[in-house]
Amino acid sequence: MKPALLVATKGWDVESWARRIRHLLPEHPILCTERSGVYAGPEAGLAEVAYILAWKPRQDVIDRLLGLQVIFSLGAGVDHIFALPRLPDVPLVRTVDPDLTARMMEYVVWQALHHLRRGHAYALQQSEHLWRDLPQPAARHVTVGIMGLGVLGRSAAEALIHLGFKVRAWTRQPKQAPDIELFHGPDGMDPFLAGVDILVALLPLTPATTGLINLALLKKLRREGPLGGPFFINAGRGRSHVEADIVEALRDGTLAGASLDVFETEPLDVESPLWDLPNVVITPHVAAVSDPEALAGQIAEQIRRFERGEPLRNLVDPRCGY
Ligand code: NDP
Ligand code: OXD
């Protein structure tokens, strides 16, 4: 009998993951938490668990997996794992998958075009049955600045370049990328921001990125650009921005608009002023959902590789936290 696998997802459809994994790894016993993340199955089964497929796993569940060998994050982000006070010393693998990457690329392009093409203003005009053309800069005059040029940032950058946007990016370490103007580290931040019309955050949540995007940072974006003011798109993690500062920036004109898929606290409070501010697009953390149909195959393949003694792919470096 092969080692067991536990699907532990809080708030996600556990059964759709379990069904897909069961189909792909029929010889591995598959256990599941409840949708709440609580494990209520037979306790003895947990001792056999070698792999956990996790989204926001509970500490008490992790603590009971004494034979755990690998943690698979069902998301590209791993902050939900590092948020736990105690983690076993086993490899942590994150999700890198063309399906997830394509979905994020679509989201960033969708929102960048929405702001470029004055989507909000035209929707308002339509609601008033108003036929009036508005000034429209060309994409080639607009610079999108991406914070985080990882798997997702790079794919979004390529698509934006294809559409004609100028693209620059800011990363932790120096990078190489044709057609992208590159900046890195704390010293690179201000020169990066000074030329950005649409700021896109695709950063992981780490101590260094927590609360990074605040009012002072937003004030450094290019003000005299072709869009009449800078825009902010966050599809990384909500806690890398300061929500109260974004509200202030939208109210005082520091920002001309924003698209937010991630929030400091999710779901976004029904009372948040963000819901009603003009030119703000709110989506409920769906920029790039993890689809079991697309992603489970890759996790099953990683488990087969591991059991053949081959190296795991997409390992997270715990020292970097992403
Ligand atoms: P990667 O690990 O591939 O890339 C992360 C990028 O962020 C790298 O370029 C890295 O720099 C940069 N970075 C990290 N820390 C810093 C720092 N302190 N200063 C500057 N740059 C930094 O991640 P992905 O592209 O795969 O994913 C990014 C994030 O997107 C995920 O961590 C997750 O939080 C979020 N996400 C959101 C989803 C949604 O639906 N809203 C869906 C999927 C992911 P360097 O290249 O130098 O290492
Ligand atoms: C992820 C996410 O990290 O969906 O993949 O946020």
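Residues numbered from 1 in each chain as written. Chains lettered and ligands numbered in written order. Predicted model: local features only at pLDDT ≥ 70, side-chain atom pairs only at ≥ 80, totals over all residues. Heavy atoms only, no water.

S.K.: Looking at this structure, I do not really get the sheet that holds strand β12 (residues 280–282). What am I missing?
M.R.: What holds strands together in a sheet is hydrogen bonding between their backbones, with the strands either parallel or antiparallel. Strand order in this open sheet of seven strands is β8-β7-β6-β9-β10-β11-β12, and the pairing throughout is parallel. Edge strands, defined here as strands with exactly one partner in the open sheet, are β8 (180–184) and β12. Averaged over all pairs of adjacent strands, the angle between strand axes in this sheet comes to 15 degrees, irrespective of strand direction. Of the strands in this sheet, β9 (198–201), β10 (231–234), β11 (257–260) and β12 touch helix α5 (residues 98–116), which is tilted by about 160 degrees from β10. Contacting β6 (143–147), β7 (166–171) and β8, helix α7 (residues 151–162) runs over the sheet at an angle of about 175 degrees to β6. (Pairing = 2+ DSSP bridges. Helix = DSSP H or I, 4+ residues; strand = E, 2+ residues; numbered from the N terminus. Axes fitted to C-alpha atoms, helices over the stretch in contact; angles between N-to-C directions. Contact = heavy atoms within 4.5 Å.)

S.K.: Any chance you could explain the nonpolar core here in plain terms?
M.R.: The tendency in soluble globular proteins is for nonpolar side chains to be buried as a group. Membership of the largest hydrophobic core comes to 54 residues, with the highest contact counts inside it found for F165 and I198. Looking at this core element by element, the count peaks at seven residues for α5. For I198, the residues in contact, after removing those within four places along its chain, are A112, V142, T143, V144, G145, F165, L227, F231 and I233. The next biggest cluster of nonpolar side chains, apart from the first, holds 29 residues, and it includes L193, V196, L268 and L274. (Core = buried A, V, L, I, M, F, W, Y, C linked by side-chain atoms within 4.5 Å. Buried < 20%, exposed > 50% of the residue type's maximum accessible area, 1.4 Å probe, protein only.)

S.K.: Which parts of the structure should I look at to understand the site of ligand 1?
M.R.: Among the 29 residues in the neighbourhood of ligand 1, the closest are listed as R94, Q173, K175, D261 and Y322. Taking R94, its side chain carries an N or O atom lying 2.9 Å from an oxygen atom of ligand 1. At a separation of 3.0 Å, a nitrogen atom of ligand 1 approaches a polar backbone atom of A235. Here ligand 1, which alone exposes 930 Å², has 93% of that area covered by the protein. (Near = heavy atom within 4 Å. Polar contact = N/O pair within 3.5 Å; in protein donor to acceptor, adjacent residues only side chain to side chain. Areas by Shrake-Rupley, 256 points an atom, 1.4 Å probe, with all protein chains shown as cover.)

S.K.: It is not clear to me how the packing of aromatic side chains should be interpreted in this structure. Could you clarify?
M.R.: Pairs of aromatic rings are described using the distance from one ring centre to the other and the angle between the two planes. Counted according to the given criterion, the structure contains six aromatic pairs. An angle of 85 degrees between the planes, with centres 6.0 Å apart, marks the rings of Y51 and F306 as edge-to-face. Of the two residues, Y51 is situated in strand β3 (residues 49–55) and F306 in helix α11 (residues 292–307); the sequence distance between them amounts to 255 residues. On the basis of relative accessible area, F306 is assigned to the partly exposed category, the value being 24%. Clustering of aromatic rings is evident, with ring pairs tying together W12, W17 and W55. (Phe/Tyr/Trp six-rings, centres within 6.5 Å; stacked < 30°, edge-to-face > 60°.)

S.K.: Any chance you could explain the site of ligand 2 here in plain terms?
M.R.: Inspection of the region around ligand 2 gives W55, G75, A76, G77, L100, R237, H285 and A288 as its neighbouring residues. A distance of 2.8 Å separates an oxygen atom of ligand 2 from a polar atom in the backbone of G77. Separating an oxygen atom of ligand 2 from a side-chain N or O atom of R237 is a distance of 2.7 Å. Taking 210 Å² as the accessible area of ligand 2 by itself, protein coverage stands at 89%.

S.K.: Just to check I follow, could you spell out the environment of A169 for this structure?
M.R.: With respect to the helices, strands and loops of the structure, A169 is situated in strand β7. Look at A169 and you get buried, because its relative accessible area is 0%. In sequence terms A169 and I146 are 23 residues apart; their C-alpha atoms lie 4.6 Å from each other. In this structure, A169 is in contact with I146, L149, I180, E181, L182, F183 and F192, ignoring residues within four places of it in sequence.

S.K.: Looking at this structure, I do not really get empty space enclosed by the protein. What am I missing?
M.R.: A full pass over the atoms with the stated rule returns one cavity of 30 Å³ or more. Every residue along the wall of the largest cavity is listed here: F72, S73, V93, R94, T95, L295, Q298, I299 and Q302. Within the residue set of the lining of the largest cavity, elements represented by two or more residues are β4 (70–73) and α11. At four residues, α11 tops the list of elements feeding residues into the lining of the largest cavity. For the lining of the largest cavity, the class distribution of residues is four nonpolar, four polar and one charged. (1 Å grid on protein atoms, 1.4 Å probe; cavity = no way out; pocket = protein on both sides within 12 Å on 5 of 7 lines; lining within 4 Å. Points joined across faces, edges and corners; volume = space filled by probe spheres on them. Nonpolar A, V, L, I, M, F, W, Y, C, P; charged D, E, K, R; others polar.)

Just geometry here; none of it tells us what the structure is for.
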